[in-house]
Amino acid sequence: EAGVVQSPRYKIIEKKQPVAFWCNPISGHNTLYWYLQNLGQGPELLIRYENEEAVDDSQLPKDRFSAERLKGVDSTLKIQPAELGDSAVYLCASSLGSGRGSYNEQFFGPGTRLTVL
Amino acid sequence: GENVEQHPSTLSVQEGDSAVIKCTYSDSASNYFPWYKQELGKRPQLIIDIRSNVGEKKDQRIAVTLNKTAKHFSLHITETQPEDSAVYFCAASEDDYKLSFGAGTTVTVRA
């Protein structure tokens, strides 16, 4: 079974340029997460989707970040315009589905390492 | 929101010795505590987790203990091997999806 797939693996851009990251979750996983991981830190949740609905985007900086999961499968995270401080690893994860009292392991992708110059 | 603190930030152990990583959390509503291992340049992978209705869980050489009263939990790795070298993250959550991670512990196992 394939794991969570992300592309690109690495991206270098100039500040003020736009950038987009793509994620394909594990087949059958309804819940999809985007995390930000700064160097030497743990992942921080940006947004969580249940199918195509963004159910928690409270940590997403909406002035420059946007995300979509139009058909409830693949997802795209976009930054426009990118700033120097956005340099980090962007991780996508998926799980079967959440529900009160249920505990579903989150499976992470390999991440996209973004460098903003 | 939940705040998870993790110590130490780095840990160097001799092969065969034990390693212990400790985490504290702030939200008493948290009841799910997973541990992830991240090798250099690789994805985080779940290695063990514990729920609030148990105090200890073991899986071969790794074990996790939980003290809900004190709001801390620990990862224990026994008989460490070179392949245990990685960054380990603890996390806490009151459900299965909103994980708050610690800052990570870099474990180096010396041969």
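Whatever comes next refers back to the structure up there.
Residues numbered from 1 in each chain as written. Chains lettered and ligands numbered in written order. Predicted model: local features only at pLDDT ≥ 70, side-chain atom pairs only at ≥ 80, totals over all residues. Heavy atoms only, no water.

Draft legend 1. Representation of the overall build of chain A in the model. Scanning chain A from N- to C-terminus turns up zero helices and 11 strands. N-terminal to C-terminal, the α/β element order of chain A is β-β-β-β-β-β-β-β-β-β-β. Each principal axis of the C-alpha atoms in chain A carries an extent, and together these give about 40 × 30 × 30 Å. Out of the 117 residues belonging to chain A, those deemed buried represent 46%. Once local pairs closer than 6 in sequence are excluded, the contacts in chain A between residues at least 24 apart make up 55%. Carbon and sulfur atoms form 49% of the exposed surface of chain A, whose accessible area is close to 5,900 Å². (Helix = DSSP H or I, 4+ residues; strand = E, 2+ residues; numbered from the N terminus. Buried < 20%, exposed > 50% of the residue type's maximum accessible area, 1.4 Å probe, protein only. Contact = heavy atoms within 4.5 Å. Areas by Shrake-Rupley, 256 points an atom, 1.4 Å probe, with all protein chains shown as cover.)

Draft legend 2. Summary view of unusual backbone geometry. Residue and element names in this part refer to chain A. Here Ser7 and Pro8 are connected by a cis peptide whose omega angle stands at -5 degrees. For Pro8, the location among the structural elements is in the loop between strand 1 (5-7) and strand 2 (10-13). For the bond from Gln80 to Pro81, the omega torsion is 0 degrees, close enough to zero to count as cis. Note that Pro81 resides in the loop between strand 8 (75-79) and strand 9 (88-95).

Draft legend 3. Region of the structure containing the layout of surface pockets. The volume enclosed by the largest pocket comes to roughly 640 Å³. Forming the boundary of the largest pocket are 30 residues, of which Gln37, Leu39, Gly40 and Arg113 of chain A together with Gln38 of chain B lie nearest the centre. The greatest single-element share of the lining of the largest pocket, amounting to four residues, is contributed by strand 11 (residues 112-116) of chain A. Residues that form the lining of the largest pocket fall into these classes: 12 nonpolar, 14 polar and four charged. Its volume calculated, the second largest pocket comes out at about 520 Å³. Forming the walls of the second largest pocket are 23 residues, and the residues nearest its centre are Leu45 of chain A together with Glu2, Leu99, Ser100 and Phe101 of chain B. Among the secondary structure elements, those contributing two or more residues to the lining of the second largest pocket are strand 5 (44-50) of chain A together with strand 10 (100-101) of chain B. (1 Å grid on protein atoms, 1.4 Å probe; cavity = no way out; pocket = protein on both sides within 12 Å on 5 of 7 lines; lining within 4 Å. Points joined across faces, edges and corners; volume = space filled by probe spheres on them. Nonpolar A, V, L, I, M, F, W, Y, C, P; charged D, E, K, R; others polar.)

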